[in-house]
Amino acid sequence: MMVDCDGKLHPQALEGIHLFNAGDFFEAHEALETAWRDEKGDIRNLYQGILQVAVCFLHITRGNYDGAVKVYGRSMRWLNDLPDVCRGVRVAKLRNDADAVMNELKKLGRERINEFDPSLFKPVVWSEKREWICDRCGTRMHEKNCKVTCPNCGNRFDCSDLNIYFD
Ligand SMILES: [Zn+2]
């Protein structure tokens, strides 16, 4: 699957990420679902993936162990197919954060789900607009699916290597 990861997020996806990061997982799910319904291209998989992570976290806050495990599995089906950065969203970080949540949940088990530490619910990191300036010649660089290239000198890198721009 080749998803078009350039361009902007759907406004409701952006809203969903804001709600997600505020810990409003139910409302985040609603907004992302609107974006998902509205979007016809494969980028809807990104919205579906984030949506299901939100639902997974919601299940945990409600003590629903089986629901959380099930939805986590579904979310990874979408997120694993996406590049590490897509539409400015750090997908690799989201995968790792959700993975850490799941490891902790499985450690606690069904009986102790109420002891889950909500500080493990990390925000979705994204940047709306990225501009790359070549560090060799100062030319504005082109980005395509996370491959950034300088049209002047040919300097190139992968945007997922540059965590400094996001952290
Ligand atoms: Zn250059």
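Small disclaimer: the values here were computed from a predicted structure and weren't measured.

J.: Tell me about the overall build of the protein, residues and numbers included.
T.: Summing up its helical and strand segments, the protein has 5 helices and 5 strands in all. Mapped from its N terminus to its C terminus, the protein presents α and β elements in the order α-α-α-α-β-β-α-β-β-β. With respect to the principal axes defined by its C-alpha atoms, the protein has extents near 60 × 30 × 30 Å. Looking at the protein residue by residue over its 167 residues, the buried ones come to 33%. Of the contacts formed within the protein by residues at least 6 apart in sequence, a portion of 51% connects residues at least 24 apart.

J.: If you had to explain the sheet that holds strand β3 (residues 142-144) to someone new, which residues and values would you point to?
T.: Read across the sheet, 3 strands follow the order β3-β4-β5 without closing on themselves; strand pairing throughout is antiparallel. The sheet terminates laterally at β3 and β5 (156-158), the two strands that pair on one side only. Ignoring strand direction, the axes of neighbouring strands in this sheet form an average angle of 20 degrees.

J.: Explain the nonpolar core to me, and be specific about the residues and the numbers.
T.: With 41 residues, the main nonpolar core has L32, Y47, I50, A54, C56 and F57 as its most contacted residues. When residues of this core are traced back to their parent elements, those giving at least two are α1 (11-21), α2 (25-38), α3 (44-61), α4 (65-79), β1 (85-86) and α5 (91-108). Broken down by element, this core gets its largest block of residues, 11 residues, from α3. Apart from residues no more than four positions distant in its own chain, A54 is found in contact with F20, F25, A28, H29 and L32.

J.: Run through the domain arrangement of the protein, naming residues and quoting values.
T.: By the assigned domains, the protein splits into domain 1 (11-120) and domain 2 (130-167). Taking only C-alpha atoms into account, the centre of domain 1 sits 29 Å from that of domain 2.

J.: Describe in detail the confidence of the model for the protein, supporting the description with residues and values.
T.: Taken residue by residue, the protein gives an average pLDDT of 90. The fraction at 70 or more is 92%. Contacts for the low-pLDDT stretch residues 163-167, under 50 throughout, to residues beyond four places or in other chains number 3 contacts.

J.: Please give an account of the environment of A98 that cites residues and values.
T.: Among the secondary structure elements, A98 is positioned in helix α5. For the pair formed by A98 and F20, sequence separation is 78 residues and the distance between their alpha carbons is 13 Å. Discounting residues that sit within four places of it in the chain, A98 has contacts with V53, C56, Y72 and S75.

J.: Can you tell me about α5, naming the residues and giving the values?
T.: With 18 residues, α5 should reach 26 Å at 1.5 Å per residue; the first-to-last C-alpha distance of 26 Å fits that figure. Those residues of α5 that sit buried are V91, K93, L94, A98, V101 and L105. One face of α5 carries all of its buried residues, which in axial projection span an arc of 160 degrees. Residues of α5 that are exposed and point more than 90 degrees away from the buried face comprise N96, D99, A100, N103, K106 and K107. Of the surrounding elements, those touching the buried residues of α5 are α3, α4, β1 and β2 (89-90). A positive phi of about 80 degrees marks G109, the residue just after α5.

J.: Can you tell me about the environment of K122, naming the residues and giving the values?
T.: Inspection of the secondary structure assignment puts K122 in the loop between α5 and β3. K122 gets classed as partly exposed once you count the C-beta atoms within 10 Å, which come to 15.

Scoring rules and cut-offs
- Residues numbered from 1 in each chain as written.
- Predicted model: local features only at pLDDT ≥ 70, side-chain atom pairs only at ≥ 80, totals over all residues.
- Helix = DSSP H or I, 4+ residues; strand = E, 2+ residues; numbered from the N terminus.
- Buried ≥ 20, exposed ≤ 12 C-beta atoms within 10 Å, placed from the backbone.
- Contact = placed C-beta atoms within 7 Å.
- Pairing = 2+ DSSP bridges.
- Axes fitted to C-alpha atoms, helices over the stretch in contact; angles between N-to-C directions.
- Core = buried A, V, L, I, M, F, W, Y, C linked by C-beta atoms within 7 Å.
- Domains from an automatic or database assignment.
- pLDDT = per-residue confidence, 0-100.
- Expected span 1.5 Å × (residues − 1).
- Arc of directions from axis to C-beta.

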